[in-house]
Amino acid sequence: MKLQRIYDKALVGEAITREEAMLLWRETPLYELAAAADCLRADKVADKGVVTWQIDRNINTTNVCVSGCRFCNFHCKPHQIDRHFITPIEEYIRKTEEMFALGGDQLLLQGGMHPALGIEYYEELFQTLKSHFPTLRLNALGAPEVAHIAKVSKIATHEVLERLRNAGLSSLPGAGAEILVDRVRKIISPAKPSAEEWLRVMHEAHEMNIPTTATMMYGHIETIEERIEHLIRLRDLQAECPEGNYGFTAFIPWIFRSEGTQLEKMGYTTHFSPTEYLRLIAVARLVLNNIRNIQASWLTVGKQTAQIALHSGANDMGSIMIEENVVSSAGAHNRFDQEGICRAIREAGFTPRLRNQLYEYRD
Ligand code: SF4
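Residues numbered from 1 in each chain as written. Predicted model: local features only at pLDDT ≥ 70, side-chain atom pairs only at ≥ 80, totals over all residues. Heavy atoms only, no water.

**Re the nonpolar core**
To be explicit about the condition: Side-chain atoms within 4.5 Å are what join buried Ala, Val, Leu, Ile, Met, Phe, Trp, Tyr and Cys residues into a set we call a nonpolar core. Relative accessibility thresholds used throughout: buried, under 20% of the residue-type maximum; exposed, over 50%; partly exposed, between the two (1.4 Å probe, protein chains only). Helix and strand definitions here come from DSSP, where helices need a minimum of 4 consecutive H or I residues and strands a minimum of 2 consecutive E residues; each element is numbered from the N-terminal end. Here, two residues are considered to be in contact whenever any of their heavy atoms come within 4.5 Å of each other.
Residues Trp 53, Leu 109, Phe 126, Trp 198, Phe 251 and Met 317 are the most contacted members of the largest nonpolar core, which totals 108 residues. It is helix H12 (residues 274–287) that contributes the most residues to this core, 9 residues altogether. When residues no more than four places from it in sequence are discounted, the contact partners of Leu 109 are Ile 59, Thr 61, Tyr 92, Leu 125, Phe 126, Leu 129, Leu 138, Asn 139, Ala 140 and Leu 141.

Structure, rendered in structure tokens:
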């Protein structure tokens, strides 16, 4: 009876409590949870028979990083001069031309927290890219990078956002959220901004009506309670988004990949469980009553699990992601092309529609 009351609450769009979410996680059979999440998904999205997908290209701005996250094989330290790179503008231009030729409309720009790259560097980069490609969408720099640029340039984070927007920023990816609980962050990414700071930068972006997404990297040292706390914090922040502004357009969870990471050396290895992932997708759909889109991250969980996730609360298959280095450097090697992603969506029983970052159809 108690569980039924929680479902009833969630199904009419009411916010369920931490305790109720925990009960769902711990005590409901997966098929029942997935069915409730699937119902809610059908209510939330405009075309319930549609699953969206995207084409964009990831380019890493630099691999030099002062953060040293223990789950990241991609970065190098400022003193490791033989491994450094800062992507030159010619490479951005060549890769952007290729991306447009493949039907994409957006670059996902992310990289390390370089100790010498401040606001002027990124302003110039964005302005140059926009002058070459006026229709290009720049989904760039997560909240930790914004906080880092503010520190390097000795300005406030809202000024960083304002100047980046004026230089061509379209939206902010949800990177760097990991788990929004400081006990966890202190162990897996001790030099990264706190949970509070991540949320504060995102709130500033929402107030300025810069669209953002929210992510979660789970499956390392966090507890189930901390996963639920993460979801509740996202929901609370979204509730503070000024009416009519984009806020978080989507929630995107992915599994931690341990291969070769410091966390692996500390004894934390990945044990990917498809059923746990599906439970997370379904609980997220039931908790996040104010975030419309939930993405099945095929890049990290593979095609079949992502297909089942579309029946467990997810309504988006993510991007074919022409280039991705951070996740793939730690053991995620799934790849789709356009045909493959559309086929996977059809096989799961839905109509594929190409979308942009704002979830508007492009086909
Ligand atoms: S995840 Fe990002 S912030 Fe962390 S070490 Fe890697 S590049 Fe740096």
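Anyway, onward from the coordinates.
**What to know about the pattern of salt bridges**
As a reminder, the rule being used: A pairing counts as a salt bridge when a side-chain nitrogen of Lys or Arg comes within 4 Å of a carboxyl oxygen of Asp or Glu.
Under the counting rule described, the total for this entry stands at 21 salt bridges. Notably, a salt bridge pairs Glu 91 with Lys 95, separated by 3.0 Å at the nearest N-O pair. On the criterion of helical spacing, the pair formed by Glu 91 and Lys 95 is a turn pair, its members being 4 residues apart in helix H4 (residues 89–101). Look at Lys 95 and you get buried, because its relative accessible area is 8%. Lys 192 is the partner of Glu 178 in a salt bridge, and the nearest nitrogen-oxygen pair spans 2.4 Å.

**Quick word on the pairing of strand E6 (residues 248–255)**
Consecutive side chains of a regular strand alternate in pointing toward one face of the sheet and then the other. Counted only if it meets this: DSSP-based pairing: two strands are paired if at least 2 bridges between them are found. Convention used here: a crossover is right-handed provided that the path from the first strand, over the helix, to the second strand proceeds clockwise when the strands point away from the viewer.
Buried residues dominate E6, accounting for 7 of its 8 residues. Bridge count for strand E5 (residues 212–218) against E6 is 6 bridges, and the pairing is parallel. Bridging from a neighbouring strand, Ala 214 pairs with Phe 251 of E6. In this fold, the crossover linking E5 to E6 by way of helix H10 (residues 224–239) has right-handed handedness. Bridge count for E6 against strand E7 (residues 293–294) is 2 bridges, and the pairing is parallel. Each bridged residue has a counterpart across the sheet, and for Ala 250 the counterpart in E7 is Asn 293.

**Overview of the side chain of Gln 106**
Spelled out, the test is: As used in this structure description, the phrase polar contact means that two N or O atoms lie within 3.5 Å; if the pair is within protein, one of them must be able to donate a hydrogen and the other to accept it, and residues adjacent in sequence are counted only when both atoms belong to side chains.
By the secondary structure assignment, Gln 106 is in strand E3 (residues 106–110). Note on Gln 106: relative accessible area 0%, which makes it buried. Within the structure, Gln 106 has its side chain in polar contact with the side chain of Asp 56 (distance 3.1 Å).

**Remarks on the sheet that holds E3**
Just so we agree on the cut-off: For every element, the axis is a line fit to its C-alpha atoms; helices are fit only across the contacting stretch, and the angle between N-to-C directions ranges from 0 to 180 degrees.
Taken in spatial order, the 3 strands make up an open sheet running E2-E3-E4, and their pairing is parallel. Because the sheet does not close on itself, it has two edges, and the strands there are strand E2 (56–60) and strand E4 (137–140). Averaged over all pairs of adjacent strands, the angle between strand axes in this sheet comes to 25 degrees, irrespective of strand direction. Sheet topology note: the E2/E3 ladder contains 5 bridges and is parallel. Residue pairing across strands places Ile 59 opposite Leu 109, the latter belonging to E3. Running at roughly 165 degrees to E2, H4 makes contact with E2 and E3 of the sheet.

**Looking at the side chain of Asp 105**
Within the secondary structure layout, Asp 105 lies in the loop between H4 and E3. On the basis of relative accessible area, Asp 105 is assigned to the buried category, the value being 10%.

**Some words on the pairing of E2**
Where burial is concerned, most of E2 is hidden: 5 out of the 5 residues are buried. Covered by surrounding structure in E2 are Asp 56, Asn 58 and Asn 60 together with Arg 57 and Ile 59, the residues of both alternating faces. The parallel pair E2 and E3 is bridged by H4, and the resulting crossover is right-handed.

**Section: the packing of helix H9 (residues 195–207) against H10**
The criterion, for reference: Each angle is binned into one of four classes, with values under 35 degrees roughly parallel, values over 145 roughly antiparallel, values of 65 to 115 roughly perpendicular, and all other values oblique. Less than a right angle of anticlockwise turn of the near helix away from the far helix marks a crossing as left-handed, whereas a clockwise turn marks it as right-handed.
Contact pair H9 / H10: the axes reach a minimum separation of 10 Å and the direction vectors enclose 30 degrees. The orientation of H9 with respect to H10, classified from their angle, is roughly parallel. Seen along the crossing, H9 lies across H10 with a hand that is right-handed. The segment H9 lies against H10, with Ala 195, Trp 198, Leu 199, Met 202, His 203 and His 206 engaging Arg 233, Leu 234, Leu 237 and Gln 238.

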